Amino acid sequence: MIHIAVFLFLVLFVQRLYAQNTIGLPEVVNYSKQTYHAGTQNWAIRQGRNGVMYFANNEGLLTFDGIYWRTYPLPNKTKVRSLEIGADNRIYIGGENEFGYFTPDKRGVLHYVSLRNLVHERDRSFADIWNVAVLNGSVFFRASNRIFVYEDNAVSVFSGGSHWRFMGVCNGIAVAQDAASGLLRYDNGRWVPWITAGELPSEYLTTSLLSVDKEHALLVTMDAGLYRLSGDRATRLQSAFIDQVKSERIYAATRVNEKLIALATSLGGCYIVTNEGEFVHRFARADGLQNNNVLSVFRDRDKNLWLGLDNGIDFIAYDNAIKTMYPAATKDEAGYASLIHKGRLYVGTSNGLYSVAVGQFSDLSYVKGTFSFVAHSRGQVWGLSEINGKLLMAHHEGIFEVEGNQARPVEKRNGFWGFLPLSRIYPVTKVAVGNYNGINFLEYNGSTFRPVGRVEGFDVAARFLSTDAREENVIWTSHPYRGVYKVTLPDSEHSSGDPSGGDPSGGVPSGGAPSQARLYTHKDGLPLSLNHNYIYKVKNKILVATEKGIYEYNAATDRFTASAYYNGIFQNLGVRYLKEDQAGNVWFVRGKELGVVDMSGGSPKIIFLPEINHKMVSGFEYIHPLNEENILIGGEKGIYHINYKKYKQNKSRIAVQISAMRSFGTDSLLFGGYFGEINDLKKQTDEQIPRITNRLNSVGFEFSSTLFSQQSSIEYAYFLEGFDSNWSNWSARSAKEYTHLPPGHYTFKVKARNNFGSESEAAGYSFVILPPWYQSIWAYLAYGVLILGLAWLFYKWQEKRFLQQQQMHLEEQKRLQYLHQLELEKNEKEIIKLKNEKLEAEILHKNTDLATSAMHLVQKAELLSKLKTDLVKITKSAEDDKINDDLKKMIKVVGDENKVDKDWGQFSKHFDSVHSNFLIALKEKYPNLTANELKMAAYLRMNLSSKEIAQLMNISLRGVEVSRYRLRKKLQLPTDVNMFNFFLGFHLDESKEKA
């Protein structure tokens, strides 16, 4: 039994020895499933070229860009077991009976493309794909019974000897482990033996294969240790720590840097070891992890570690310059004080004093050790000071002297804040101690400290104490709500005289005058308000941090004045804590923010450390600058260690990307954050510029930076080209909304910067807000067509109206013309009537003349006929032949003269001239009329009576009637038509035709 107990002790001792962490731990950020809203288990982790993290999660592909988590499930809703990012930027994944890749669609949203359909149906039953590897454009997917190789859009299948246990890529070759054949390498489409000699056990399971250099690799097994691979030989890594850890089952491994390796285990969390297997760090539940079952581990491009847990995801800012020291195992005690004394670091917390051996160090956070509690120190520790080689502790319950891990009370009647030596000459004989109700004094007798009184009549809590190098008998103190005090001590209080002259009862030291305390107010140059005035000594000057800025004491005038120098630096930042370090930098606290005025450059430069924001104890801030590599900051949980030199050298690349664009009116995703293949070049082609309908014109953008270890220090500025007039102010806000954007072409730009003022390149996304349908090109075309149509209709209407008006005008003109014509015709008729009347009168006159002529002719004819008759009678009675001959000649002359035809010819000519060629026209129209019928027509036209016609024609009245009848018949005139009227109308018609 004794041997067993000794063995267990040795095992525990060895475990403690090898698993001893550094006292400074990097920040561990826990992401639970309630944070990322996906499955519990995370089997693999990778980072894309755009900096986004990808996780093989139980509920699909999980992504994280520093602010926003997104899940992309597989079509069959199965687990994603493995993933790898190819040279083509596709995210190749393996799941349960499924493998393929994710790639962006036209909207920049990842969508899944399955490669399972490229496999012959007989090979489609393969359960889980546990490994994905990429080499030279070929993608390898490993299941237990199959290895699929995707090349040139085709899939080759390898069944293996028994079952495949591992697959990976190292030093430019693809390696797989077959349970029966061992380690094989892929060579021109074949799996050939690779490691054939060495110390590999008969049964092992490879979990990782890491490169050591171009010729050597490190094989990590689940429970058989680590092996060095060289050529075709494997050599077991001799490491007591690895032999211890292998029982905790190593699930995965990754490189931390060239010298360190991270091992993920299922029982002990994550271990950081050297290439030789020596322990460096441990991260387990006790060190901040959510649980100890780590399924996957990955180092990002900024040297941070990501752990995929059995339940959750943890982020370790491993290479960060800021770390945390947890003195208490519970990690819930606030840090208020720290000091290195005799090779040990002492940390005062809200519940006691702790210490750890540190020895020689450069960066205190890398010292390995475990804090131990200092006995008799339980309770609030406010201050630590080393004076005369002694460690003094100001405690809630009094003053203690600490030796090793023991605390001995010096005075236990009150709570004390801290110590102020009253001399610059060592050993110091007098020490002022600020307490809850004033200022007490300690006296050093050469070996120990003892209380020697207090400042009488001064009952103000003196947490802040300072001395002025020019006035050694002066103590400056301040109270946040009661103002600034100057306590002037009598000479005996600060002299190096007899140390026994003090009064241990708290009175005034013997032989000296009482101390004097003076309150400085606005009458002495300070602001009117007494609140929030804090006194400090910086660069041998007494400064007061107030709500109105920094004030500096002028001993010559015994007044405070606003400090032009410091106020010029701080620019009304509202500083309330100041601390100078050895390099002359001034550390300060503003609100709940930590900053430093860096003096290393040509001019003072303010640098904020947002990683510490809201982590200090508000109102009780504490800064202890040891040197440039060791700045200790009191925190709500433990002490923060800052390697300021390393912090300033951090050259992490700042990048920013637009993660999403949404229409927040409908909450529809318009852009998923990816250009081309996984956002490699962040360049948007013209085809990728979306045309967004006007109803989605209220849009919001989400953006982020993948500088995961400095998320608290990142600020963003944005600018919407085409809408904003200038860049926005810098802020930590990672989203921006725009409401009711007018139609147009826009480009949203965003850039990021860190607390050093380094800015990223601007990321941009262009889009077009289309006009509403009533303002679209088609609408305008329709409007144009409509306007043209309306114009055409208006034209046609106008034309019709014009034609109507024209018609009306024409009709009016016609009417007027008609009226005019009627008037003309009336006038013409009047004229014609007058002419006709005149003509008729003339005709009547001429007819009268013709009738007279005709009557003369008739009378002449009658006379000649009677004369002829008488001559004939005379002839018959005359007997003389000569007379008879003369009479016959006379009868012949009378007969010739009485020829009516000859007279008619003259008469007709004369008649036609009077009656407009009436006879000629009548003859032309009725060519069958005889001369006697024409005579009859002429006489009828002259309206002669039948008797007159009979006389003219030398016929009887009966002959006239017969001639009239014959003429009517030839003219085809009805009996009821008056022949005079007919010939008169015929005469007028013929006259018009000729006119």
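That block above? That's the structure.
Calculation notes
- Residues take numbers from 1 onward in each chain, read along the sequence in its written order.
- For a predicted model such as this one, the threshold for reporting local features is a pLDDT of at least 70, and the threshold for listing and counting side-chain atom pairs is 80 or more; totals across whole chains, interfaces and linings nevertheless cover every residue.
- Derived side-chain values reflect all non-hydrogen atoms in the structure, with water molecules and hydrogen atoms excluded from consideration.
- The pairing criterion is simple: DSSP has to find at least two bridges between the two strands.
- To qualify as a helix, a DSSP run of H or I must reach at least 4 residues; to qualify as a strand, a run of E must reach at least 2; elements of each kind are numbered from the N terminus.
- In this scheme Phe, Tyr and Trp rings, the latter by its six-membered ring, pair at centre separations within 6.5 Å, and the angle between planes marks the pair as stacked below 30 degrees, edge-to-face above 60, and tilted otherwise.
- Throughout this description, buried means an accessible area under 20% of the type-specific maximum (1.4 Å probe, protein chains only), exposed means over 50%, and partly exposed covers the range between.
- The rule is short: NZ of Lys or CZ of Arg within 6 Å of the ring centre and within 35 degrees of the ring normal puts a charge over the ring.
- To be clear, the arc concerns the directions from the helix axis to the C-beta atoms.
- Put simply, buried Ala, Val, Leu, Ile, Met, Phe, Trp, Tyr and Cys residues joined by side-chain atoms within 4.5 Å make one nonpolar core.
- Contacts were defined at the residue level, with two residues in contact if any of their heavy atoms lie within 4.5 Å.
- As a rule, the C-alpha atoms of each element are fitted with a line to give its axis, helices using only the stretch in contact, and angles between N-to-C directions run from 0 to 180 degrees.
- Each angle receives one of four descriptions, namely roughly parallel if under 35 degrees, roughly antiparallel if over 145, roughly perpendicular if within 65 to 115, and oblique otherwise.
- It is the rotation of the near helix from the far one that decides the hand of a crossing: anticlockwise by less than a right angle makes it left-handed, clockwise makes it right-handed.
- Residue polarity follows a fixed list, in which Ala, Val, Leu, Ile, Met, Phe, Trp, Tyr, Cys and Pro are nonpolar, Asp, Glu, Lys and Arg are charged, and the others, Gly among them, are polar.
- The patches described consist of residues with a relative accessible area above 30% and no salt bridge, like charges being joined within 9 Å and nonpolar side chains (Val, Leu, Ile, Met, Phe, Trp, Tyr) within 5 Å.
- The Shrake-Rupley method, run with a 1.4 Å probe sphere, supplies the accessible areas, and residue values consider only the shown protein chains as cover.
- Take a side-chain nitrogen of Lys or Arg and a carboxyl oxygen of Asp or Glu: if they are within 4 Å of each other, that pair is a salt bridge.

S.K.: How do you make sense of the sheet that holds strand β57 (residues 630-634) when you look at a structure like this?
M.R.: Pairing between sheet strands relies on hydrogen bonds along the backbone, with the strands arranged either parallel or antiparallel. Overall, antiparallel pairing links the five strands, which are arranged β1-β31-β58-β57-β56 in an open sheet. Looking along the sheet, the strands with just one partner apiece sit at the ends: β1 (25-26) and β56 (623-627). Two elements, β1 and strand β31 (residues 322-325), share two bridges in a ladder whose sense is antiparallel. Of the residues in β31, the one forming a bridge with P26 is K323.

S.K.: Teacher, can you tell me more about the packing of aromatic side chains here?
M.R.: For any pair of aromatic rings, the description consists of the separation of the ring centres together with the inter-plane angle of the planes. Enumeration according to the criterion identifies 71 aromatic pairs in this entry. Ring geometry for F671 against F675: centres 5.1 Å apart, planes inclined by 25 degrees, an arrangement best described as stacked. Among the residues examined, F671 registers a relative accessible area of 2% and is labelled buried. Given a relative accessible area of 8%, F675 falls into the buried group. Measuring from centroid to centroid gives 5.9 Å for F675 and Y765, while their planes differ by 10 degrees, and the two rings are stacked. Of the two residues, F675 sits in the loop between β60 (668-671) and β61 (691-692) while Y765 sits in strand β66 (residues 763-769), which places them 90 residues apart along the sequence. Side by side, F675 and Y765 carry an identical accessibility label, which is buried. Ring pairs connect the aromatic residues F701, F703, Y716, Y718, F723, Y738, Y746, F748 and F767, which therefore count as one cluster. Across from the ring centre of F373, 3.9 Å away, lies the NZ or CZ of R378, which sits over that ring. Stacked on the ring of W727, the Lys or Arg K751 has its end atom at 4.4 Å from the ring centre.

S.K.: What am I meant to see in helix α12 (residues 946-953) here?
M.R.: Residues spaced three or four apart along an α-helix point in a common direction, a consequence of the helix completing one turn every 3.6 residues. Regarding α12, the residues found buried are S946, I949, A950, L952 and M953. Looking down the long axis of α12, one finds its buried residues gathered within 165 degrees of arc, a one-sided arrangement. Of the residues one or two after α12, N954 is the one with positive phi, at around 60 degrees.

S.K.: Just checking my understanding: could you explain the nonpolar core for this structure?
M.R.: General note: in soluble globular proteins, nonpolar side chains tend to be found buried as a group. Formed by 45 residues in total, the largest nonpolar core has its most connected members in W476, F560, L578, W587, L594, I633 and I642. Residues contacting I633, with those up to four places away along its chain left out, are L594, I612, M616, Y622, I623, G638, I639, Y640 and I642. Counting residues in each nonpolar core, the second largest holds 28 residues, with M942, V960, L967 and F982 among its members.

S.K.: Explain unusual backbone geometry here, please?
M.R.: Among all residues save glycine, negative phi is the norm, and among peptide bonds the norm is trans. In this structure, the amide linkage connecting Y426 to the following residue, P427, adopts the cis form with an omega of 0 degrees. Positive phi values are uncommon outside glycine, yet R249 reaches one of about 65 degrees. If you trace the backbone, R249 turns up in the loop between α3 (240-245) and β24 (250-255). Overall, the relative accessible area of 33% leaves R249 in the partly exposed class. If you check the backbone angles, H740 has positive phi at about 50 degrees while not being a glycine. Within the secondary structure, H740 is located in the loop between β64 (735-738) and β65 (744-753). For H740, a relative accessible area of 61% corresponds to the exposed category.

S.K.: Help me understand the pairing of strand β27 (residues 279-283), please; the structure alone is not making it clear to me.
M.R.: Each regular strand carries side chains that alternate between the two faces of the sheet. Within β27, four of the five residues are buried, which leaves the element mostly enclosed by the surrounding structure. Where strand β26 (residues 270-274) lies against β27, four bridges are found, and the strand directions are antiparallel. Following the sheet pairing, Y271 is matched in β27 by R282. Here β26 hands over to β27 after four residues, with G277 in that stretch at a positive phi of 90 degrees.

S.K.: Sorry if this is basic, but what is going on with the packing of helix α10 (residues 918-925) against helix α11 (residues 931-941) here?
M.R.: In a pair of packed helices, the angle between the axes and the distance between the axes together describe the arrangement. Across the interface, α10 lies against α11 with an axial gap of 11 Å and an inter-helix angle of 130 degrees. Judged on the interaxial angle alone, α11 and α10 are oblique. For the pair α10 and α11, the crossing hand works out as right-handed. Note on element contacts: α11 touches α10 through L934, A937, A938 and R941, opposite F918, L919, L922 and K923. A breakdown of the residues in the contact of α10 with α11 according to their chemical character gives six nonpolar, no polar and two charged.

S.K.: What am I meant to see in a nonpolar patch on the surface here?
M.R.: On the surface, L786, L790, W792, L793 and Y795 cluster together into a nonpolar patch covering about 570 Å² of accessible area. Counting through the fold element by element, W792 comes out in helix α7 (residues 777-877). Exposure remark for W792: the relative accessible area of 51% places this residue in the exposed category.

S.K.: Help me understand the pattern of salt bridges, please; the structure alone is not making it clear to me.
M.R.: For side chains of opposite charge, pairing can occur when their charged atoms come near one another. According to the stated counting rule, one finds 38 salt bridges in the structure shown. Where R450 meets E443, a salt bridge forms, and the shortest distance between an N and an O atom there is 2.9 Å. Here R450 falls in the partly exposed class, since its relative accessible area comes to 26%. We classify E443 as buried; its relative accessible area is 3%. Each of D65, R70, R662 and E702 takes part in one network of salt bridges that share partners.

S.K.: Is there a simple way to explain the sheet that holds strand β62 (residues 699-704) in this structure?
M.R.: Taken in spatial order, the four strands line up as β60-β59-β62-β64 in an open sheet, and their pairing is antiparallel. In this open sheet, the two edge strands, each paired with only one partner strand, are β60 and β64. For this sheet, the mean angle separating the axes of adjacent strands, direction not counted, is 25 degrees. As defined by bridge partners, β62 adjoins β64 across four bridges and the pair is classed as antiparallel. Looking at the pairing, G700 lines up with E737 of β64.

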